[in-house]
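Chains, contacts and geometry: an overview
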Amino acid sequence: MDKILVTRSSMPPMEEYIEEIKSLWESHWLTNMGEKHKELEEKLQQYLKVQHVSLFSNGHMALELGLQAMDLGEGEVITTPFTFASTTHAIVRNGLKPVFCDIREDDYTLDAAKIKERITERTKAIVPVHVYGNVCQVEEIEKIAREYGLKVLYDAAHAFGESYKGSGIGTFGDASMFSFHATKVYHTVEGGAVCYRDEAYGLKLFRLKNFGIRNEETVDGVGANAKMNEFSAAMGICNLRHIDEEIAKRKKVVERYRSHLKDVPGIQLNTVRGEVDSNYAYFPVVIDETIFGATRDTISSALSAEGIFSRKYFYPLTSTFACYQGQFDVAETPVALRISNRVLTLPLYADLSMEAVDRICGIILRSGQK
Ligand SMILES: *Cc1c(COP(=O)(O)O)cnc(C)c1O
């Protein structure tokens, strides 16, 4: 049997990509906001239903510079520990202090009801994560941000192409970051973007991704190099042509998983809130060992023994990383801790076969009966 990995990058037909990059051999313009870059920004702006898109070399730099462009100075940022390393690192690398707030039991996003108790005079911003593509409590978060004068930068790395109540997911907060990493629903091999409304903010972002250069003789920002190159942009243009089809296929895979696992005692499935057009980015299951009869780790081992690779995602919590040792108290986010210790993300990609899903579910269900 072939191995089944947790994800598998979508790729356009090779001929389509070759056709797309041919013009680069004519222009010899390979990076620094070329034609492909411009075209992709315009296409994404339409597809994502947002006002402005700024492309980046990857999602992390988009998040880090997206935060830097907010000019927050020193202070605290309220965020979730139930996320990828990037979210927390982006805050710390900006010289800001993450203040961890707990998550919701059912969709694992930041619990808006617990944000206020984490606010101090030093709080500058909120960085929530649309984890697994689950939409955060955007209305509640906006209300709090307005009341306390806080900036909001969403980590929307998992939420490409989603809408909430008909609005593009990238329209919420002051800005949103998307990742176009090869493992994401939509990718440019490596890549990312920040979506925003405020043009002055956009100009700052634009300069920060190009060394802080204002013009030939003036460098007035401490920038980085985070530009997207033309080959990545070309991949993005091709992948965007197929994205709706990819999401439709993912939906079928998710429905198959749900049909097997939906009423199994001790297995909690991901809750998607109403009025969300989902992108079916991930399929996390949360295992309650006392009811199901096997732990998350037992299931993970049973799957890998059969050449099937799931992922403990997100485990461990970012607040417990070795690089942050002694800085945060994990007891302050008990829900995040509990979910993180019990969650397993199952293989999911557009071309995963129904037979594979059946097999995976069979192994999971049998491990609970042992
Ligand atoms: C993938 C991811 C990122 C980082 O994106 P890259 O493009 O890999 O740099 C940030 N946050 C979350 C939640 C992610 O899943």
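Residues numbered from 1 in each chain as written. Predicted model: local features only at pLDDT ≥ 70, side-chain atom pairs only at ≥ 80, totals over all residues. Heavy atoms only, no water.

1. Here we look at the site of the ligand
To keep it simple, the criterion reads: Throughout, near means a residue has at least one heavy atom within 4 Å of the molecule or strand. Polar contact is the term for a pair of N or O atoms within 3.5 Å; when the atoms are in protein, one must be able to donate a hydrogen and the other to accept it, and sequence-neighboring residues count only if both atoms are side-chain atoms. Note on areas: Shrake-Rupley, 1.4 Å probe, and residue coverage restricted to the protein chains presented here. Method remark: on a 1 Å grid restricted to protein atoms, a set of points is classed as a cavity if a 1.4 Å probe fits but cannot get out and as a pocket if it is open with protein on both sides within 12 Å along at least five of seven lines; lining residues have an atom within 4 Å of a point. In this description, a molecule resides in a pocket or cavity if more than half of its atoms sit within 2 Å of the grid points defining it. Helix and strand definitions here come from DSSP, where helices need a minimum of 4 consecutive H or I residues and strands a minimum of 2 consecutive E residues; each element is numbered from the N-terminal end.
As a structural note, the neighbourhood of the ligand is formed by 16 residues, with Gly 59, His 60, Asp 155, Ser 179 and Lys 184 the closest of them. At 2.7 Å from a nitrogen atom of the ligand is found a side-chain nitrogen or oxygen belonging to Asp 155. Relative to its unbound accessible area of 380 Å², the ligand is 93% covered by the protein chains. In a pocket analysis with a 2 Å cut-off to the grid points, the ligand is assigned to the largest pocket. For the shell around the ligand, the elements supplying multiple residues, two or more each, are helix 3 (59–68), helix 4 (85–92) and strand 8 (175–179).

2. A look at the sheet that holds strand 15 (residues 343–346)
As a reminder, the rule being used: In this scheme, strands are said to pair when DSSP sees at least two bridges between them. In this analysis, axes come from line fits to C-alpha atoms, helices being fitted only over the stretch in contact, and the angle between any two N-to-C directions falls in the range 0 to 180 degrees. The contact criterion used is simple: two residues touch if any of their non-hydrogen atoms lie within 4.5 Å.
Strands sit in the order 12-14-15 across an open sheet of 3 strands; the sheet is antiparallel. The open sheet terminates on both sides in strands that have one partner only, identified here as strand 12 (267–269) and strand 15. This sheet shows a mean twist of 30° between the axes of neighbouring strands, independent of strand direction. Two strands pair when backbone bridges link them, and strand 14 (residues 283–287) and strand 15 are joined in this way by 4 bridges, in the antiparallel orientation. For Pro 284, the partnering residue across the bridge sits in strand 15 and is Thr 345. On top of the sheet, helix 7 (residues 230–261) reaches strand 12, strand 14 and strand 15; it is set at about 20° to strand 14, its chief contact. The sheet contacts of helix 10 (residues 334–342) involve strand 14 and strand 15, and relative to strand 15 the element is tilted by about 50°.

3. Focus: the pattern of salt bridges
Opposite charge on two side chains makes pairing possible when the charged atoms of those side chains draw close. Spelled out, the test is: Each reported salt bridge corresponds to a side-chain nitrogen of Lys or Arg within 4 Å of a carboxyl oxygen of Asp or Glu. Exposure is judged per residue with a 1.4 Å probe applied to protein chains only, and the accessible area is read against the type maximum: over 50% gives exposed, under 20% gives buried, and values in between give partly exposed.
With the rule as written, the count across this model stands at 25 salt bridges. Salt-bridge contacts for Arg 93 lead to Glu 64; the nearest nitrogen and oxygen are separated by 2.8 Å. Pair noted here: Arg 93 is in the loop between helix 4 and strand 3 (97–100) and Glu 64 is in helix 3, with a separation of 29 residues, a long-range link. Assessed through its relative accessible area of 9%, Glu 64 is described here as buried.

4. Points about the layout of surface pockets
Cut-off, in case you're wondering: Grid points are joined across faces, edges and corners, and a volume is the space filled by probe spheres set on the points. All amino acids are sorted into three groups, where Ala, Val, Leu, Ile, Met, Phe, Trp, Tyr, Cys and Pro are nonpolar, Asp, Glu, Lys and Arg are charged, and the leftover types, Gly among them, are polar. Where a domain begins and ends is set by an automatic assignment or by a domain database.
Counted as a void, the largest pocket has a volume near 450 Å³. Phe 84, His 181, Thr 183, Lys 184 and Tyr 313 are the residues nearest the centre of the largest pocket, which is lined by 29 residues in total. Elements represented by at least two residues in the lining of the largest pocket include exactly helix 3, helix 4, strand 8 and strand 15. Counted by class, the lining of the largest pocket contains 12 nonpolar, 12 polar and 5 charged residues. Counting contributing residues per domain, the lining of the largest pocket is built from domain 1 (14–238) and domain 2 (243–367), each supplying no fewer than three.

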